[in-house]
Structures are given as structure tokens and as C-alpha cells.
Amino acid sequence: MTNPNPIRVRFAPSPTGHLHIGGVRTALFNWLFARHHKGVFILRIEDTDTSRSTEESIHGILEGLKWLGLDWDEGPFRQTARLELYRRHVDQLLKQGQAYHCYCSPEELEARRAEAMARKQTPKYDGRCRNRKDPLPGRAPAVRLKAPQTGQTVVHDLIRGDVVFENSQLDDLIILRSDGNPTYNLCVVVDDVDMKISHVIRGDDHLNNTPRQMQLYDAFGYPPPEFAHVSMILGPDKARLSKRHGATSTLVYREMGYLPEALLNYLARLGWSSGDQEIFSLQEMVDKFSIEHVNSSAAVFNPEKLQWLNSHYIKEGDPARLARLLRDHYLAEREPAARSIPDEQMLRIVKALQERTKTMAEMADLSMCYVEEEINPEPAAAAKFLTPEIKPALADLTRQLSALPRFDEPALPAAFDAIIAAHQLKMAQLAQPVRVALTGRTVSPGIFEVLALLGKERSLIRLQKALDSIP
């Protein structure tokens, strides 16, 4: 049996910049709501601001949603392809007497606004063109909605409850600019009706637009959808999340080595909860999501919590998939040697670092020593561990390793034990210089694992190079 009231929601970004974290969370909540109710998720690009909208931004939005796996069922629709539809709706309101031509110039409107503020009054349009009969020659008019001036407009919000707006504080909204272009609020209402949107789930920065849009629904005779306004995301300092708090663009998180499932899990919990559970698979989020459990208070973005979640997903991740992502990170950093690394070798690198890294970018950085043909030890590490005192033991170890018929993890400890005993050293006293010689750093997986990953030839070359560098 067909559902008589199907759930239809939309994500409607403006392509005037990157797809940011707040936008992703809005998209995610809409997507989860649609999937939970077996409804429809629509993607709409609100690109009527032609001076600021760019094709690059549209591409970034689509790429970000695809990377996250937030697939849409209809769209992407572009408002610039629907201008005639909006203009027909404006004509409808003019014919019904619910809209009128306004000939006030921007300069006149600004002067009146300044006067109202000087009198400490709410700056709003004074309605002087409401009853105008004659056009003003030589001036193209805008079109305004004839909005109610008394009473109240009540927004029934699924997250915040009833939000009441006094109509006396709302002026006659411009719905068509003097240049013939429709305005945001008109386009949104026409689109949501035309696309049969049942629920509008969006950021609370749109809450002040909602009473104006409800007046438009009423003027057209359309039933409004249900509204749910999601709180904004704050930075750790409780200010609105912005670039100064770190990356806000979604694709930057991909470049930083975050996994999409970690980012989605984190953003879902940023304002929504299901008991005390912190870690959710995507299917669990779909199964448990409900608007009733979205918080009305602002959520605080915690980079450390996101990193913790990401490290969890790396540890639990499929090594073969992580190996493919790791290769992508190498190539993104323009490391051509990554193309020739065998899949088996890449898999071994991932398994060696999976428990130790928080992001794929960190894994790529730590494993670069296995990719590059030559390395240069960090100066401080070399000065501390590649010393004349250790040179004899390091030389003997190099000879021992060279003579090994097998060069794998089980075969390597005996060579180290022999040198440690002969030179009366502790394991760390030998392992750290070897680690610096092989990786250039003082931190790595176990030294036998490092040697096996590098292989006999590269290990011996690097040890010899380190020996040659010691006076």
C-alpha cells in the first residue's frame, strides 16, 4: 500500500563557498530522517545569488556528499533553471491582490531605515507603495508580498516547540527584485511546494525566515511543511564555528586523513543522542534517528573527540580499504614512488601502523620512510643516537644482518641478541640508533617489524649510510 503522506526532505545549500561542517550535519540529519522513514532525500542547489554562486562550489558540494556517502534520491535541482516557475507564482500573487509593485529605490529605503533606527524603532518597510495605483515612469519596480500587519505568525517547530512572531514586526517582504530576479524566501516556498517537501530540517539561522515563508504559504493557499530548526555549531570557545577554529570545509577533513564514517558518527552525535551510545554504524544511526532526540541547545565542536573517533575507525577498519586510502594520500602529496608499492607491501604498512595513528594523513607521514628510496634522519635524532660510541656495534649489526639467509621478523632477534651481548648493551641502546638510521625518527613500530617492512636491501643501505655519517 502506498504511503499517503510520504516523507520528503531536502538539503538545499547555496554554492557560494565550501560545504562546511554545519551544512554536512544538516544534510546528515535530513538523510537519516529520510532513510529512517523510508522516505526521499532531495538535493537542491540554491544558486539564484548569481554574483556569488560558482561552479567550483557546486562541484565541491557534490564531491563532499559523495565522499560521505550521503546519496540523494532526486536532484540535484538548480534554482536558476526554475526562474520562470517563480515568476509565474509572483504573477499569481499580483493578480490575487496579495502582492504589489514597489517603486522605492535602495537609497530611499536605506534613508528611511536610518531614520527609524535613529528613533529607536524597528527598521521595516512602511508600506507606502501598498495602495499605489500608477507606475513611476523610468523606474523598474520590485514586487512585495502584502503581509498581515496584525496578529501573530506561529512556527510549530519539532525541536523548539511553538515560536511566536508578531506580525507587526514583519514588513512586506520583497519577492521579486527590480531586476526581475526572485528572492530567496519566494524560491524556497515555491520549490518546497513543487517538490512536495514534508519536513524542512535546517539550521536555526533560518528560523527568522520561517514566519515570512509561512505567510507566503498562506498567500498561495499551500499547507506548510513541518519545520525543525537545528542549533548552530560552536567552537571550543563557544563562539560560532569558523575558520579560526580549524578546518570547516568537509573536503579538508578528507585531506587531513579523516574517514567519512568517523566524521558522520561525530556530526550525528553533535546535537543528537541515543542513550549513552557514542559509536554508531551508519545503519545504527538510520535505525535510531529521530527528530525528538535532537537537542535545541547549541553543540560544541571538539576536535579531540573527532580524532578519537577517527582513530577508533582506523583501528577497526578493513586493512585492504585503508591501504587504498593510504596510497591515495601518498599520491595527493605527490609521492610518485607510491605508485610502484605492491599491494601486499601497502597492506603490511597499514597493519604495522593501524594501532598507532589517528588519521590517514598521520599514517602516510609515519610510513613515508617505507615509500621513499632515501631518507634524511632528523638532525636532533641523529645527533643523539648516531654517535661514535655506537658506531662499532652498529657496524657489527650491519654485518650480522647482511649474513642472514632469511630477513623476516622471526629471524631478526638473534642478530640483535648477539650484538647486545658482545657490546654489553641494552636493547634500547641498539634499537634506537637502528630506528633513526632506518626511519629518520625516534618513534616507529617495533624495530624487527620496521626491518622486515623495509626489506634486506633497503635496510642495509640505510644502515651503511648512517655509519658513513658518523665521524
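Refer to the structure presented above.
Counting from 1, residues in each chain are numbered in the order their sequence is written. Only residues with pLDDT of 70 or above have their local features reported here, since the model is predicted, and side-chain atom pairs are shown and tallied only from 80 upward, although totals for entire chains, interfaces and linings are computed over all residues. The basis for every side-chain value is the complete set of heavy atoms in the structure, and neither hydrogens nor water enter the calculation.

Looking now at the pairing of strand β6 (residues 152-157). Residues T153, V155 and D157 of β6 are buried on one face, while the alternating residues Q152, V154 and H156, pointing to the opposite face, are not. As paired elements, β6 and strand β7 (residues 161-166) share six bridges and run antiparallel to each other. Of the residues in β7, the one forming a bridge with V155 is V163. What makes two strands pair is DSSP finding at least two bridges between them. A helix here means a DSSP run of H or I that spans at least four residues, while a strand means a run of E at least two residues long, and both kinds are numbered starting from the N terminus. The hairpin turn running from β6 into β7, its antiparallel successor, is three residues long. Per-residue accessibility, obtained with a 1.4 Å probe over protein chains only, is compared with the maximum for each type, and a residue is labelled buried under 20%, exposed over 50%, and partly exposed between these values.

A word on the environment of F416. Tracing the backbone through its elements, the reader meets F416 in helix α17 (residues 412-423). Sequence spacing of F416 and G151 is 265 residues, and the spatial spacing of their C-alpha atoms is 86 Å. Any two residues whose heavy atoms approach within 4.5 Å at even a single point are treated as in contact. Once residues within four sequence positions are removed from consideration, F416 is found in contact with L397, M427, L430, V434, I447, F448 and L451.

Two faces make up the sheet, and in a regular strand the side chains alternate between them. Summarising burial for strand β2 (residues 40-45): six of the six residues are buried, a large majority. The two faces of β2 match: V40, I42 and R44 on one face and F41, L43 and I45 on the other face are all buried. Examined bridge by bridge, strand β1 (residues 8-11) and β2 share four bridges and lie parallel to one another. Following the sheet pairing, V9 is matched in β2 by F41. With the strands aimed away from the viewer, a crossover counts as right-handed if its path from the first strand over the helix to the second runs clockwise. Handedness of the β1-helix α1 (residues 21-36)-β2 crossover: right-handed. Taken together, the three bridges between β2 and strand β3 (residues 74-78) define a ladder with parallel strand orientation.

We now examine the pattern of salt bridges. The salt bridge definition used is simple: a Lys or Arg side-chain nitrogen within 4 Å of an Asp or Glu carboxyl oxygen. This model, assessed by the stated rule, comprises 28 salt bridges. D343 is the salt-bridge partner of R327, the closest N and O atoms lying 2.8 Å from each other. With R327 in helix α11 (residues 319-332) and D343 in helix α12 (residues 343-353), the pair connects residues that are 16 residues apart, well separated along the chain. By relative accessible area, which is 15% here, R327 ends up buried.

Time to look at the environment of N310. If you trace the backbone, N310 turns up in helix α10 (residues 303-316). Under the relative-accessibility criterion, N310 is labelled buried at 0%. Those residues in contact with N310 that sit more than four places away from it in its chain are G257, Y258, L259, A262, K358 and T359. Here K358 takes part through its backbone oxygen, which lies 2.7 Å from a polar atom of the side chain of N310. Think of a polar contact as two N or O atoms within 3.5 Å of one another; within protein, one of them needs to be a possible hydrogen donor and the other a possible acceptor, and neighboring residues in sequence only count if both atoms come from side chains.

Take the sheet that holds β3 next. Sheet architecture is open: three strands sit in the order β1-β2-β3, paired in parallel fashion. For this open sheet the edge positions go to β1 and β3, each flanked by a neighbour on one side alone. Put simply, the sheet's adjacent strands are angled 25° from each other on average, direction ignored. Lying over the sheet, helix α2 (residues 55-68) contacts β1, β2 and β3, oriented at roughly 160° with respect to β2. Orientation is described by axes fitted as lines to C-alpha atoms, over the contacting stretch for helices, and by angles from 0 to 180 degrees between their N-to-C directions.

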